[in-house]
Amino acid sequence: MTQASRPFNFSPGPAAIPHEVLSRVSEEMLDWHGSGMSVMEMSHRGREFTSIYEAAERDLRELLQVPDHFRILFMQGGGLGENAIVPMNLSRGGIVDVVLSGTWSHKSAAEARRYAEVRIAADCANADGRYLDLIPATDWQLSRDAAYVHVCSNETIDGLELHQLPDLKALGSDAPLVIDCSSHVASRSVDWSKVGLAFAGAQKNIGPAGLTLVIVRDDLLDRALPICPSAFNYQLVAQAESMFNTPPTFAIYVAGLVFQWLKGFSYAGKTGVAAIEQRNIDKAALLYQALDASSLYENRVAARSRSRMNIPFFLRDERLNEPFLAGARDHGLLQLKGHKSVGGMRASIYNAMPLEGVQALVSYLNDFEKRHG
Ligand SMILES: *Cc1c(COP(=O)(O)O)cnc(C)c1O
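The rules we used
- Residues numbered from 1 in each chain as written.
- Predicted model: local features only at pLDDT ≥ 70, side-chain atom pairs only at ≥ 80, totals over all residues.
- Heavy atoms only, no water.
- UniProt positions renumbered as here; feature names shortened; annotations may be inferred.
- Core = buried A, V, L, I, M, F, W, Y, C linked by side-chain atoms within 4.5 Å.
- Buried < 20%, exposed > 50% of the residue type's maximum accessible area, 1.4 Å probe, protein only.
- Helix = DSSP H or I, 4+ residues; strand = E, 2+ residues; numbered from the N terminus.
- Contact = heavy atoms within 4.5 Å.
- Near = heavy atom within 4 Å.
- Polar contact = N/O pair within 3.5 Å; in protein donor to acceptor, adjacent residues only side chain to side chain.
- Areas by Shrake-Rupley, 256 points an atom, 1.4 Å probe, with all protein chains shown as cover.
- Salt bridge = Lys/Arg side-chain N within 4 Å of Asp/Glu carboxyl O.
- Pairing = 2+ DSSP bridges.
- Axes fitted to C-alpha atoms, helices over the stretch in contact; angles between N-to-C directions.

The name given to the protein chain in an unreviewed UniProt entry is Phosphoserine aminotransferase, with the source organism recorded as Roseateles amylovorans. The UniProt entry for the protein chain carries this comment under Subunit (unreviewed entry): "Homodimer." Reading the Function (unreviewed entry) entry of the UniProt record for the protein chain gives the comment "Catalyzes the reversible conversion of 3-phosphohydroxypyruvate to phosphoserine and of 3-hydroxy-2-oxo-4-phosphonooxybutanoate to phosphohydroxythreonine."

Listed below in structure tokens is the structure:
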């Protein structure tokens, strides 16, 4: 299929991958660069795969401007796996401050409790237990002696995004900040001076499921608890350049192609991450404006906390949910059903979603409202 004939995929994850990347993967599937092998068939220690891995690492470092005193680890276990792997590596069995901002940070807190004493620095739920706004960092209750502070910087299910990373030092905490950025990694620039560790499952914004990205400051590598499995020990994985055991080679290869695509991406006179960030801002604005202008749909998240990546919305008349989804499918707009815990609809518009996809969705929203509003 050409790009024009493919439907637009709004899946929250595994999610859409840029068309150019999929085409390239398909061209290289049987014979990568004259090697006579598919990437899937290569030794992870061989010359060919080493070049793929090194390029992926270099490109990501350049794209996100990751400083030299951070290590980039290509791991496995997914976002949920990291919820255990992070406390096993960083908590020293002590205190962990967690900001509850939605479904994923709840899961992180629950998992960390197996290894550490979890303190809730802020619970952003409203009186109905819904997550519709983030509590500003200046109002977080930070422990004096926490091993780290965990924040989910984009709550995929609830549709909340932390647009400015907090400066924990300025808030009186010496603890490193850990961010679960699974669903908005590489969608915007990162101020690494505020971060101790960032992790992300790949399947939302950078490639296929199976790869988990960990970007960790050097001085945090050597704190693992003895119970931490060797394959999840950051120090051992870093020493082995992510080859402590077989990494998810094919997923790393595809992510590497996504990084190349991002490096060459241009939009509104910008290139790379600045360009994709601008397009993400424009896409989200277009969709939120359409929802806010409508009397049939609504998004309930406070404007300052709205995610650029995941936009949940409701039809005020729930009986229209099924016809809405069926009509969307007929218009080539896929996977718009909301998460079961929130209900309604959700449009996930990650980096790979073109502006045309959001325009097509907005035009469908407007047509549907004309017919049913
Ligand atoms: C999807 C997601 C996860 C879970 O990822 P898995 O790879 O399925 O374990 C964790 N955190 C966030 C913010 C997510 O969006």
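Read on, since the account is not over.
1. Thoughts on the nonpolar core
L197 and Y234 are the most contacted members of the largest nonpolar core, which has 89 residues in total. By residue number, the principal contributor to this core is helix α6 (residues 249-263), which donates ten residues. Sequence-distant contacts of L197, that is, excluding residues within four places in its chain, are made with V86, L90, L177, V178, I179, V214, I215, V216 and Y234. Counting 27 residues, the second largest nonpolar core, distinct from the first, contains L315, M345, A347 and L361.

2. Points about the UniProt feature "binding site: L-glutamate" (unreviewed entry) in the protein chain
Mapped onto the present numbering, the UniProt feature "binding site: L-glutamate" (unreviewed entry) falls on R45. You can see R45 is positioned in the loop between α1 (19-28) and α2 (47-63). The class for R45 is exposed, based on a relative accessible area of 53%. Setting aside anything within four residues of it in sequence, one finds R45 in contact with T50, M243 and F244.

3. Details of the site of the ligand
G78, G79, L80, W104, C152, N154, T156, D180, S182, S183, Q203 and K204 make up every residue found near the ligand. Contacts to the ligand include W104, whose side-chain N or O atom sits 3.4 Å from an oxygen atom. Within the side chain of K204, one N or O atom sits 2.7 Å away from an oxygen atom of the ligand. Taken by itself the ligand offers 380 Å² of open surface, and the protein chains cover 86% of this. Counting residues per element, the shell around the ligand draws most heavily on helix α3 (residues 78-90), which supplies three residues.

4. Looking at the pattern of salt bridges
Scanning the entire structure with this criterion turns up 17 salt bridges. For the salt bridge of E57 with R61, the shortest nitrogen-to-oxygen distance reads 3.2 Å. Placement of both E57 and R61 in helix α2 is noted, with a separation of four residues, approximately one turn of the helix. Here E57 falls in the buried class, since its relative accessible area comes to 18%. Where R306 meets D292, a salt bridge forms, and the shortest distance between an N and an O atom there is 3.0 Å. A residue pair is termed long-range when its members are at least 10 positions apart, and R306 in the loop between β13 (297-298) and β14 (310-315) and D292 in helix α7 (residues 272-293) qualify at 14 residues. By relative accessible area, which is 12% here, R306 ends up buried. On the basis of relative accessible area, D292 is assigned to the partly exposed category, the value being 48%. Taken together, the shared-partner salt bridges in this structure form one network comprising D59, E62 and K263.

5. A short note on the sheet that holds strand β4 (residues 117-123)
The strand order across the open sheet formed by seven strands is β2-β10-β9-β8-β5-β3-β4, and the pairing between neighbours is mixed. The outermost strands of the open sheet, each flanked by one partner alone, are β2 (70-75) and β4. On average, each strand axis in the sheet is inclined to that of its neighbour by 20 degrees, with strand direction left out of account.

6. As for the UniProt feature "binding site: pyridoxal 5'-phosphate" (unreviewed entry) in the protein chain
The feature "binding site: pyridoxal 5'-phosphate" (unreviewed entry), as annotated in UniProt, sits at W104, T156, D180, Q203, N245 and T246 in this numbering. The named residues occupy 143 residues along the chain; their greatest pairwise C-alpha distance, 30.1 Å, places them well apart from one another. Counting through the fold element by element, D180 comes out in strand β8 (residues 177-180). When sequence neighbours within four positions are dropped, the list of residues in contact with D180 reads W104, H150, V151, C152, S153, N154 and F199. Relative to the helices and strands, Q203 resides in the loop between β9 (197-201) and β10 (212-217).

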